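Here is how the chains run, residue by residue.
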There are 2 protein chains.
Amino acid sequence: MPRVLVFALVFIGFALPALAQPQDDLERLRRAALTSDYAYRQVAHLCNNIGLRLSGSAQAAGAVQYVAEQLRQLGLEVRLEKVSVPHWVRGVEAGTLTRYAGQVPGTSQKLALTALGGSVATPAAGLEAEVVVVQSFDALVALGREKVAGKIVLFNRPFDRQMAAQGQAGEAYGQAVIYRGGGASAAARLGAVAALVRSAGGANYRLPHTGALRYASDAPQIPAAAVAGEDADLIAALAAQGPVRLRLTLTPQSLPDIESYNVVADLKGSVHPEQVVIVSGHLDSWDLGTGAIDDAAGVAMAMQTAQLLKQLQLVPERTIRVIAWMNEENGLRGGRAYFEAHKGELANHVAAIESDFGAGHPLGIYAKANAKALERLAPAAAVLDRQGAGLIQPAQEVGADIGPLTSAGVPGFGLLQDGRTYFDYHHTAADTLDKIVPAELAENAAVMAVLAYSIANLSEALPR
Amino acid sequence: MPRVLVFALVFIGFALPALAQPQDDLERLRRAALTSDYAYRQVAHLCNNIGLRLSGSAQAAGAVQYVAEQLRQLGLEVRLEKVSVPHWVRGVEAGTLTRYAGQVPGTSQKLALTALGGSVATPAAGLEAEVVVVQSFDALVALGREKVAGKIVLFNRPFDRQMAAQGQAGEAYGQAVIYRGGGASAAARLGAVAALVRSAGGANYRLPHTGALRYASDAPQIPAAAVAGEDADLIAALAAQGPVRLRLTLTPQSLPDIESYNVVADLKGSVHPEQVVIVSGHLDSWDLGTGAIDDAAGVAMAMQTAQLLKQLQLVPERTIRVIAWMNEENGLRGGRAYFEAHKGELANHVAAIESDFGAGHPLGIYAKANAKALERLAPAAAVLDRQGAGLIQPAQEVGADIGPLTSAGVPGFGLLQDGRTYFDYHHTAADTLDKIVPAELAENAAVMAVLAYSIANLSEALPR
């Protein structure tokens, strides 16, 4: 999911100008999207028939072939562009509280936890240590090495559900996820033997939320896992009563990098074929669920942009490039590889669009583009406003995979979606097909298609 | 949870009569309950410090000792009454789809499932067979032996979430749970090698819901598990596209019955000590979560009835008997053993109260009693109405453990609670302490205490 930092809510409320664009075609696209189940069928196949798609997995490789074939069937020019990806494989994962206040002799408490992506392993038989619970990095540092060395640190920072319910899910996530990313190294710097983080997620159904960690170069690499919110509460409650000991077993493996691909498929422009508008989502997923909201949905929307244009026999003036990115979740190698391979062609990248925040009801568009560029979106916004999706909201980041492009000045766009429940499922076993509401996915497909086609047919390329 | 069949919603709206009872004391009890954290602390200890309490487990035995000691500390006369309970132990549980349409070669799909309580085991290496999906017993029978023999049957009857949201959670559960109870034998009669049931629960967080099955005497005993709703959807979707094969491994064990106990603790009546009003919940739980809503909450409310009377120095005229039942979940042995041991004293059992539906906001009281008896509850209802809990609703069943007593004519009562989310967590790993809202638990404790004390102090015993 994108690390979206929103600056301000801006509704671009232009009176409709005399249109240089074929607005009727935008409306046809929108209506065709809303009555199509193409995107939903793609999500269903990716999730149900293929399943988890973690980078390096056979399923990810199968998904690359599947999406490429689907796009070929649409008549697009399809290339697989090489990406060397990490190949991290989850192993056994178990956590058991072995000593705590009030314990019935001979018993223990089993935790719901899952290894963080990229974690090193514990010894095969596990490790056992006392748990120290902190709410923040500052609190950890305040404890000092003496109280942390040899222990397992639990970062017990709760996800702010109220904030998420109020529509700031991304911000709530941002506050919590820093411990997932940096907790292990912060704990290791003080001599901890392992780290746990409270899951960065909004629901209370005993679900651990995985996700990538980042080992800092100045700290030993220690094993790390996410515990469900309930288990963080349990440990914290017991630790307030006396020492708590935990046996932790994680046996993931980091295998050698493996060759994978971005799927890149062009629907050639009729006037400026060398100029490109990217529509995209990421094809890889985490390995606990089947990656419906994160991010089969985004891939399916991008595929549907091309499908709708073919269905309506609309030929864009600039090339519409569908990309299914590889390795958003644990490396961003796909976005980087594309940038490296195409950095000589940035001037011809007119815009990059990515959806990676599920498929909730869309309200409009996130934009990382200048004010002049935003003005050009007025015709698209006017059409999308008919389905309540006409907002254009400036943002600092609009998509992780397109980040290298947008950082280099390519105008970037994301979908502004209702994400209030996104983090209930994000990176969990419950990210499955049923989390997609078909009608809302279709609304999102409409937004991506209208936006992309509108930009592809502008009389002049978007200003930078 | 009780299998409550509600006949009609009846608000007993008597004008307050001249009261023979000390209504001020009922109000004092109510207020004391609402400002106490005693019940919550008991739930916290049972869930956090003791943990799961499946019949036969060391934790269940520890919980018996703990509750007995707590009640002794209150000054009650405590007895442990023997109950021989089943000793079923969960083992390995794994399900993997090994063949299905569109499968990437060499891959499989892992299911979220859990063995049903009492299930026999598969071979240690598992068994593998094609899955046949049905929505009902009738649909299964219509398939016939030819299409079922040698297969694994999935009963894919969804829990009616809309019905639950509208306040009929018990009824929604009743419609779904018949497949958990009887599905294995129905499938076995047609030659199936194993049975799966869609979890009887209301949420969509990839949680399997366990619970007891019943093997019929006329069918082979085959292994059975509950799959999460998502996994039932997945199997059904794939089965609609072609054959689906499943490898199922379940290694539970049914060990010899083991001795356990009902905790029975009397606060002696000052006028009719031989007459008894039971307040109760069940101490055993399933083994996936820690049994907070099912049913540490009920036990804690019953304990608090005694605690409040002691705190306020109120001596009931009849004996208040606190019972923490053993083995509600997979045998009902505790309720039956109590009935056998006390069936000569039924005339002295004035009333039996049980709470086993969580700790959601209470609206009043379920009653299995005659109209004359209900009239006597008016003073209690009037006091409880001040907190919105004054409804008295006739019901056919009011509590599983007190079922033998109420079937024999003892007036029985349960708590009428907001159960709209109860089945989201019921019998899952997510039945943990955080599901208890302390203020709502206190409201429930108030209802039980006021009802029990009111009945204990009636000038005449409740009519039958």
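Let us look at the structure shown here. (Residues numbered from 1 in each chain as written. Chains lettered and ligands numbered in written order. Predicted model: local features only at pLDDT ≥ 70, side-chain atom pairs only at ≥ 80, totals over all residues. Heavy atoms only, no water.)

### Re the sheet that holds strand β6 (residues 152–155) of chain A
Residues and elements named next belong to chain A.
Working step 1: One open sheet accounts for eight strands, arranged β3-β2-β9-β5-β6-β7-β8-β4; its pairing is mixed. Of all the strands in the sheet, the pair left with one neighbour each is β3 (109–110) and β4 (113–115).
Working step 2: In terms of strand pairing, strand β2 (residues 93–99) meets β3 through two bridges, oriented antiparallel. Within the sheet, the bridge partner assigned to T96 lies in β3 and is K110. (Pairing = 2+ DSSP bridges. Helix = DSSP H or I, 4+ residues; strand = E, 2+ residues; numbered from the N terminus.)

### Some words on the interface of chain A and chain B
Working step 1: Counting residues at the interface gives 38 residues for chain A, matched by 38 residues for chain B.
Working step 2: Sorting the residues of chain A by area buried against chain B places N48(A), N49(A) and Y205(A) first, and these three jointly supply 26% of that buried surface.
Working step 3: The tally of links between chain A and chain B comes to two salt bridges.
Working step 4: A salt bridge links K435(B) to E230(A); its shortest N-O distance comes to 2.8 Å.
Working step 5: Every element with two or more residues in the side of chain A that touches chain B is listed here: α2 (38–50), α3 (58–73), α7 (229–239) and α13 (422–425) of chain A.
Working step 6: A per-class count over the side of chain A that touches chain B returns 16 nonpolar, 16 polar and six charged. (Contact = heavy atoms within 4.5 Å. Buried area = accessible area lost by both parts, 1.4 Å probe. Salt bridge = Lys/Arg side-chain N within 4 Å of Asp/Glu carboxyl O. Nonpolar A, V, L, I, M, F, W, Y, C, P; charged D, E, K, R; others polar.)

### Some thoughts on unusual backbone geometry
Residue and element names in this part refer to chain A.
Working step 1: Following D294, the chain continues to D295 via a peptide bond in cis, the omega torsion being 10°.
Working step 2: Its location among the elements puts D295 in helix α8 (residues 292–311).
Working step 3: Residue N327 is not a glycine yet carries a positive backbone phi of 75°.
Working step 4: Topologically, N327 is positioned in the loop between β12 (318–325) and α9 (333–342).

### Here we look at the pairing of strand β7 (residues 194–198) of chain A
Residues and elements named next belong to chain A.
Working step 1: A large share of β7 lies buried, amounting to five of its five residues.
Working step 2: Of the two faces of β7, the one carrying A194, L196 and R198 and the one carrying A195 and V197 are both buried.
Working step 3: Bridging between β6 and β7 involves four bridges; their strand directions are parallel. Within β7, the position partnered with V153 by the bridge is A195. (Buried < 20%, exposed > 50% of the residue type's maximum accessible area, 1.4 Å probe, protein only.)

### Overview of the pattern of salt bridges
Working step 1: Inspection of the entire model under this criterion finds 44 salt bridges over all chains.
Working step 2: The partner of E27(A) in a salt bridge is R30(A), with the nearest N and O atoms 3.0 Å apart. With a gap of three residues between them, E27(A) and R30(A) both fall in helix α1 (residues 23–34), about one helical turn apart.
Working step 3: Residue R30(A) is classed as buried on the basis of its relative accessible area of 8%.
Working step 4: In this structure, the salt-bridge partner of D233(B) is R198(B), at a minimum N-O distance of 2.8 Å. Of the two residues, D233(B) is situated in helix α8 (residues 229–239) and R198(B) in strand β7 (residues 194–198); the sequence distance between them amounts to 35 residues.
Working step 5: Judged by its relative accessible area of 16%, R198(B) falls in the buried class.
Working step 6: A cluster of three or more residues bridged by salt bridges with shared partners is formed by R79(A), E81(A), D266(A), K268(A) and R321(A).

### Here's the deal with the sheet that holds strand β14 (residues 362–368) of chain A
Within a beta sheet, neighbouring strands are joined by backbone hydrogen bonds and run either parallel or antiparallel to one another.
All names here are of chain A.
Working step 1: Strand order across the open sheet formed by eight strands is β1-β10-β12-β11-β13-β16-β14-β15, with mixed pairing between neighbours. Pairing within the sheet leaves two strands with one partner each, and these edge strands are β1 (77–89) and β15 (391–394). Across the sheet, the mean angle from the axis of one strand to that of its neighbour is 25°, orientation sign disregarded.
Working step 2: Sheet strands touched by α3: β1, β10 (253–267) and β12. Its angle to β10, the strand with the most contacts, is close to 5°. (Axes fitted to C-alpha atoms, helices over the stretch in contact; angles between N-to-C directions.)

### Some remarks on the pairing of β6(A)
Working step 1: On β6(A), burial covers both faces: I152(A) and L154(A) on one face and V153(A) and F155(A) on the other are all buried.
Working step 2: Once the chain exits strand β5 (residues 127–134) of chain A it traverses helix α4 (residues 137–148) of chain A before rejoining the sheet at β6(A), and the crossover so formed is right-handed. (Right-handed = clockwise from strand over helix to strand, strands pointing away.)

### Observations regarding the environment of T251(A)
Residue and element names in this part refer to chain A.
Working step 1: Among the structural elements, T251 can be located in the loop between β9 (245–250) and β10.
Working step 2: Look past the residues within four positions of T251 in its chain and what remains in contact with it is G91, V92, A121 and A124.
Working step 3: Here V92 takes part through its backbone nitrogen, which lies 2.7 Å from a polar atom of the side chain of T251. (Polar contact = N/O pair within 3.5 Å; in protein donor to acceptor, adjacent residues only side chain to side chain.)

### Some remarks on the relation of the copies chain A and chain B
Copies of the same chain, two in number, are related to each other by a rotation about an axis and a translation along it.
Working step 1: Aligned on chain B, chain A shows an RMSD of 0.0 Å; the corresponding rotation is 180° and the shift along the axis is 0.0 Å. Such values leave the two copies arranged in the relation of a two-fold axis. The C-alpha atom lying nearest the rotation axis in chain A is that of Y205(A); the distance is 3.2 Å.
Working step 2: Same-surface contact between copies: 100% of interface residues of chain A are shared with the interface of chain B. (Least-squares fit on C-alpha atoms with pLDDT ≥ 70 in both.)

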